[in-house]
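# Chains, contacts and geometry: an overview
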Amino acid sequence: MVFPHGGATKIWRDGRVDGNTPFAAYDPYRATVRDWGRTLESRIDEHGRQYKNLSSLLQDPVDWPAGQKLVTEAGHSYRVAEPGETPHFVTEIGRGLLATPAPSGRVSQKAFGALGDGVTDDTAACQAAHDSGMPIEDEGTFLVSNLTAKVSVRGGTYLRKAGSGGDFIVTGAPAITLDCSIDGADQSGNNFVIRHDGVIVTSNVIIRNARVNGIRHENGDNVEIYAQILNARQTHLLTSVSDSDINGLVIDVLVDGVGLGLGNINGGIKVHGNAQFAVVKPKITAVVKLLEHEDMHPNSVCIETFGNVVSPTITGSVKGGSIGCTMNNSPNGVASVQARGQNNLGLEITDLSHGARFIEGSVAEAGDVVAPNYCCQASNTDYVEFNVRMDRPTHLRESTSANFYINMCNEVRFSGYANRTGGSQFVRIRGSDNIELNALRCNGTGVQRAILMEQSGATSNNLLIKGCNFVGVTNFMQAVGSFSGMKCTGSRVENTGLLIAGSPSLNGYQFHSGTEIALHPFGSRGDIINVLDFAPSASLIEAWGAGAPEGYVKARVGSVYYDTSGGAGSTKYVKESGTGSTGWTAK
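All figures in this text were calculated on a predicted structure; none of them were measured in a lab.

### Section: the overall build of the protein
From N to C terminus, the protein includes three helices and 54 strands. Considering the protein as a whole, with its 587 residues, one finds that 51% of them fall into the buried category. Considering only contacts within the protein whose residues lie at least 6 apart along the sequence, 50% involve residues at least 24 apart. For the protein, the accessible surface area stands at approximately 23300 Å², while carbon and sulfur atoms represent 48% of it.

Below, the structure written as structure tokens:
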């Protein structure tokens, strides 16, 4: 029997099996080789010969025949290359060797010379393992400067070498699965760049400490990302189309950027199309936690779809940053998001996101470190819908804030619940048409107005207030500019002062079909006079008050008034003739 140490003089066989090695199940021998005063333990089995490590194997002067199987003490397997095969290694005497996979079909980067100790530079060995085309399974921390990922990886961590430039790990082949962790060590570039189809990042993956983006997805359909992404200075996960549409994107991640201080963009998830190419029907599920602070970067957005993202589906819980969730140029998007602790906006639909909807959501809760200027905003878009609960505390910027802000839109519907203390208004409408407030419950204390109507280069027309309840506001509405077509039906305005404040030009203003006006202080006809003095003569009202309306309540013919202190034949009044406060007839 020939052994890989030519100076061996004696060999002892004791027939024992050493249970501490991976070969114990089929290794009947324990051989001790005494070589020039050195003692080396080596294993022998029917499949090949065993060396201390790869270095000793490459230094061996024995000319093994093609196909010979060789192993190291760590269990890494090799085979002498056949003629015509491209070897992974070449011995000192010129014999080519190939690393061979374990029974699992995977190979270790340590088989290519990596140490995985987090200190030694393993760049060349790890790249050689990827270039081999065999999937990798490993443990340990591999210090690497840059890497082109060409095969699937399971286990272990890639740690970036200090002073490295450019992107850290970039895909070099399609359909690879990343099931290991990546630590960018706050060096330059992106941590992981995806440029191929079918890439999967599993839920076991932790990607942390990126100087730029944790993951940057530039190209590739049917990409699935399920990772944890921590402390990326610019954006934790960015999908940004390059030269073609992106289809089949699935994102289901946990993002935590709380550990980053101010001075970083600290964005969560951003999915971006462009003028030529779209991200089509991405599915985004996320828990995003960013820093809560008044001075967060304006681009610190927890979840953002932007610039030609078609029909995104978004589900998530987000906290911190400047904006919670925004759909920008994202037509027909559907989102269900709970947002807390933003310093600017909670939920937003904007810029040509026609048909987008927040079907369920919440913004702000008592105890949040900061609360947004606007809980929900619709801007420069049509046919959108919000169904959101907003429970927000007193906030420093409330003098200019609103729970709902509608700016230059057409066909917008808001429903839900809002609660606040102090500040300007629940709803701010600016230059928008065909707005519906449906089943909206607004409870406040010291809020200046329920609704602010502003003209901005164009009138706002056709506001429908249906089944709503506004409580605890100084005025129901303040109007600045010209408006037409406001209708309030089936609603209640309670504990308020004036219905219409300011000096607007209104047409077709109606309170009817079950609308109840409970003024502050409620209980006298004079209260209603004070209100209706600000309504135009064309107003049609259905109102309540204590005492008969004749000579007190101004309205157009056809209005209805109920005397809460009346009796038989003197409870309901209809305005049948005249102008001003006369012409009321008891029914």
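### Thoughts on the packing of aromatic side chains
How two aromatic rings sit relative to each other is given by the distance of their centres and the angle of their planes. Under the definition given, this model contains nine aromatic pairs. Here the aromatic rings of F142 and Y158 are separated by 6.3 Å at their centres, their planes lie at 50°, and the arrangement is tilted. Of this pair, F142 sits in strand β11 (residues 141-144) while Y158 sits in strand β13 (residues 153-160), and the two are 16 residues apart along the sequence. The pair formed by F142 and Y158 is uniform in burial state, with each residue classed as buried. An aromatic cluster is built from F358, F386, F404 and F414, whose rings are joined through pairwise contacts.

### Remarks on the pattern of salt bridges
Summed over the entire model, instances satisfying the criterion amount to 17 salt bridges. Here E304 makes a salt bridge to K270, at a shortest N to O gap of 3.9 Å. Within this pair, whereas E304 is found in strand β28 (residues 301-306), its partner K270 is found in strand β25 (residues 267-272), the two being separated by 34 residues in sequence. Per residue, the accessibility class of E304 equals that of K270, and both read buried. Salt bridges sharing partners connect three or more residues here, namely D167, R195, R216 and E218.

### Here we look at the sheet that holds strand β26 (residues 279-280)
Pairing is parallel across the open sheet formed by three strands, whose spatial order is β23-β26-β29. Pairing within the sheet leaves two strands with one partner each, and these edge strands are β23 (246-247) and β29 (309-310). Pairing between β26 and β29: two bridges, direction parallel. Each bridged residue has a counterpart across the sheet, and for V280 the counterpart in β29 is V310.

### Observations regarding unusual backbone geometry
A positive phi is found at D186, a non-glycine position, where the angle reads about 60°. Along the chain, the position of D186 falls in the loop between β15 (177-183) and β16 (192-194). Residue classification places D186 among the partly exposed positions, given a relative accessible area of 24%. The residue A439 is not glycine, and still its phi comes out positive at about 50°. Mapped onto the elements, A439 comes out in strand β40 (residues 433-454). Accessibility expressed as a relative area gives 36% for A439, which makes it partly exposed.

### Notes on the pairing of strand β19 (residues 213-217)
Within β19, four of the five residues are buried, which leaves the element mostly enclosed by the surrounding structure. Two strands pair when backbone bridges link them, and β19 and strand β22 (residues 235-240) are joined in this way by four bridges, in the parallel orientation. Looking at β22, one finds that N213 is bridged to T235.

### Side note on the state of the cysteines
Applying the stated criterion to the full structure yields zero disulfides. The thiol of C442 is unpaired, and the distance to the nearest cysteine sulfur, on C468, comes to 7.2 Å.

### Examining the side chain of T381
The topology assignment puts T381 in the loop between β35 (374-379) and β36 (382-391). Of the residues examined, T381 reaches a relative accessible area of 0% and is grouped as buried. In this structure the side chain of T381 is engaged in a polar contact, spanning 3.3 Å, whose partner is the backbone nitrogen of H354. What T381 contacts, discounting residues up to four positions off in sequence, is I349, T350, D351, L352, S353, H354, M408, C409 and N410.

### Some details on the environment of V388
For V388, the position within the fold is in strand β36. Along the primary structure V388 and V337 are separated by 51 residues, whereas in three dimensions their C-alpha atoms are 9.1 Å apart. When neighbours within four sequence positions are excluded, V388 is seen to be in contact with L347, F358, G361, S362, V363, C376, S415, G416 and Y417.

### Some details on the nonpolar core
Membership of the largest hydrophobic core comes to 111 residues, with the highest contact counts inside it found for L437 and I451. Among the elements that take part in this core, β40 stands out by supplying eight residues, more than any other. Apart from residues no more than four positions distant in its own chain, L437 is found in contact with F414, V427, I451, L463, L464, I465, K466, C468 and F470.

### Side note on the confidence of the model for the protein
Overall, the prediction assigns the protein a mean pLDDT of 82, with 80% of residues at 70 or greater. Low confidence marks residues 518-538, where pLDDT is under 50. Its contacts with residues over four positions away, or in another chain, come to 50 contacts.

### Quick notes on helix α2 (residues 123-131)
Residues of α2 that are buried: T123, A125, C126, Q127, A129 and H130. Considering only its buried residues, α2 is in contact with β9 (117-121), β10 (136-137), β11, β12 (147-149) and β13. Taken from the residues just after α2, G133 is the one with a positive phi, measuring 85°.

### Regarding the side chain of Q425
Its place among the elements puts Q425 in strand β39 (residues 425-430). Of note is the side chain of Q425, whose polar atom sits 2.5 Å from the side chain of R449.

### Comments concerning the environment of T202
Note on placement: T202 falls in the loop between β17 (200-201) and β18 (206-210). Spatially, the C-alpha atoms of T202 and Q228 are 9.1 Å apart, while their sequence positions differ by 26 residues. Polar contacts involving the side chain of T202 include one to the side chain of D179, which spans 2.5 Å.

### Focus on the environment of L159
With respect to the helices, strands and loops of the structure, L159 is situated in strand β13. Overall, the relative accessible area of 21% leaves L159 in the partly exposed class. Each C-alpha atom of the pair L159 and S145 lies 8.2 Å from the other, and the pair is 14 residues apart in sequence. Not counting residues within four places of it along the chain, the set of residues in contact with L159 comprises G118, T141, F142, L143, V144, F168, D183 and A185.

Each value, and the rule that gives it
Residues numbered from 1 in each chain as written. Predicted model: local features only at pLDDT ≥ 70, side-chain atom pairs only at ≥ 80, totals over all residues. Heavy atoms only, no water. Helix = DSSP H or I, 4+ residues; strand = E, 2+ residues; numbered from the N terminus. Buried < 20%, exposed > 50% of the residue type's maximum accessible area, 1.4 Å probe, protein only. Contact = heavy atoms within 4.5 Å. Areas by Shrake-Rupley, 256 points an atom, 1.4 Å probe, with all protein chains shown as cover. Phe/Tyr/Trp six-rings, centres within 6.5 Å; stacked < 30°, edge-to-face > 60°. Salt bridge = Lys/Arg side-chain N within 4 Å of Asp/Glu carboxyl O. Pairing = 2+ DSSP bridges. Disulfide = S-S within 2.5 Å. Polar contact = N/O pair within 3.5 Å; in protein donor to acceptor, adjacent residues only side chain to side chain. Core = buried A, V, L, I, M, F, W, Y, C linked by side-chain atoms within 4.5 Å. pLDDT = per-residue confidence, 0-100.

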